[in-house]
Amino acid sequence: MDNHSSPRTAAFFDLDKTVIAKSSTLTFSKSFYHGGLINRRAVLRTAYAQFVYLLGGADHDQMERMRQYLSALCRGWNVQQVQEIVAETLHDLIDPIIYDEAASLIEEHHLAGRDVVVVSTSGAEVVEPIGELIGADRVVATRMVVKDGCYTGEVEYYAYGPTKAEAIAELAESEGYDLSRCYAYSDSFTDIPMLEAVGHPHAVNPDRALRKEAVAREWPVLTFSRPVRLKQRMPVLSMPPRPVVAAVAAVTAAAVTAGLVWYGSRRRARRHT
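Here the structure is a predicted model, which is why all the values come from computation and not from measurement.

*Asks:* Looking at this structure, I do not really get the pattern of salt bridges. What am I missing?
*Replies:* It is possible for side chains bearing opposite charge to pair when their charged atoms get close. Here the structure, examined in full by the defined rule, presents eleven salt bridges. One salt bridge connects D95 with R229, and the closest N-O pair in it is separated by 3.8 Å. Of this pair, D95 sits in the loop between α4 (79–94) and α5 (100–111) while R229 sits in the loop between β7 (221–222) and α10 (230–233), placing them 134 residues apart in sequence. Note on D95: relative accessible area 4%, which makes it buried. Of the residues examined, R229 reaches a relative accessible area of 29% and is grouped as partly exposed.

Below, the structure is given as structure tokens:
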């Protein structure tokens, strides 16, 4: 257990398919449909994207087209309207898909004196309240550009790939973390820079490429398979913390929107690599 005389340590968690069982972004499509933001066809397309995402076997061109489509779809959405829709559905949609295993790990890291940091490519508007829900100490997430109360379709800060590792290094500098003693968890090959940044990397439900890399590097491979409501297993974390209700109403702003734009920004990022 860490003590006050030792350097601080942290555990860094990716979000989708690591802490929660689905894409935090795509989970809200039906809510947006009922709110009038998207039509039935869009719901079907996002449902298909969720299916492909969960399978982890996406055809590259197919996924790029879907990302471009979703990015265009949310451009111009009113922030306040998205806030209201997400505030009404966040807990019902996200709480049931939090992995029991992830919640237990978060609890263990806190008991060991480590900070818990969620590092996600999804938008801050959805990642921050989810972080509150699971008891994270801080989050790193993609931030969208808002102009005149609407989303422009542009990204201010893109938390993806190497950028996640850079964010972790900056946090280590500002918070005094000893990265050699820190932990990291992710399901995606694109998060290898984040996993490499710490002394204790873990692959969780890894995609094929990450599994191969983890085996080669002898990183632990974990399987999370039990989504459960926090209320049913961790009363301390599931009590409606004051920030959560406020954050859902004020911070969750564009929940899915921020994540949807990730698709388009990733496409642009890849074009420059």
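*Asks:* Would you explain the sheet that holds strand β2 (residues 115–123) in this entry?
*Replies:* Adjacent strands of a sheet pair through backbone hydrogen bonds, lying either parallel or antiparallel. If you walk across this open sheet you meet the seven strands as β4-β3-β2-β1-β5-β6-β7, and the pairing is mixed. Among the strands making up the open sheet, the edge pair consists of β4 (150–157) and β7. With four bridges connecting them, strand β5 (residues 183–186) and strand β6 (residues 200–204) associate as parallel partners. Its bridge partner being in β6, A184 is matched across the sheet by P201. Sheet strands in contact with α5 are β1 (10–13), β2, β5 and β7, and its direction is about 160° off that of β1.

*Asks:* I tried to follow the environment of N39 on my own but got confused; where do I start?
*Replies:* Here N39 lies in the loop between α1 (29–34) and α2 (40–55). Here N39 falls in the partly exposed class, since its relative accessible area comes to 46%. Sequence spacing of N39 and S29 is ten residues, and the spatial spacing of their C-alpha atoms is 9.7 Å. At 2.8 Å, the side chain of N39 forms a polar contact with the backbone nitrogen of A42.

About the thresholds
- Residues numbered from 1 in each chain as written.
- Predicted model: local features only at pLDDT ≥ 70, side-chain atom pairs only at ≥ 80, totals over all residues.
- Heavy atoms only, no water.
- Salt bridge = Lys/Arg side-chain N within 4 Å of Asp/Glu carboxyl O.
- Helix = DSSP H or I, 4+ residues; strand = E, 2+ residues; numbered from the N terminus.
- Buried < 20%, exposed > 50% of the residue type's maximum accessible area, 1.4 Å probe, protein only.
- Pairing = 2+ DSSP bridges.
- Contact = heavy atoms within 4.5 Å.
- Axes fitted to C-alpha atoms, helices over the stretch in contact; angles between N-to-C directions.
- Polar contact = N/O pair within 3.5 Å; in protein donor to acceptor, adjacent residues only side chain to side chain.

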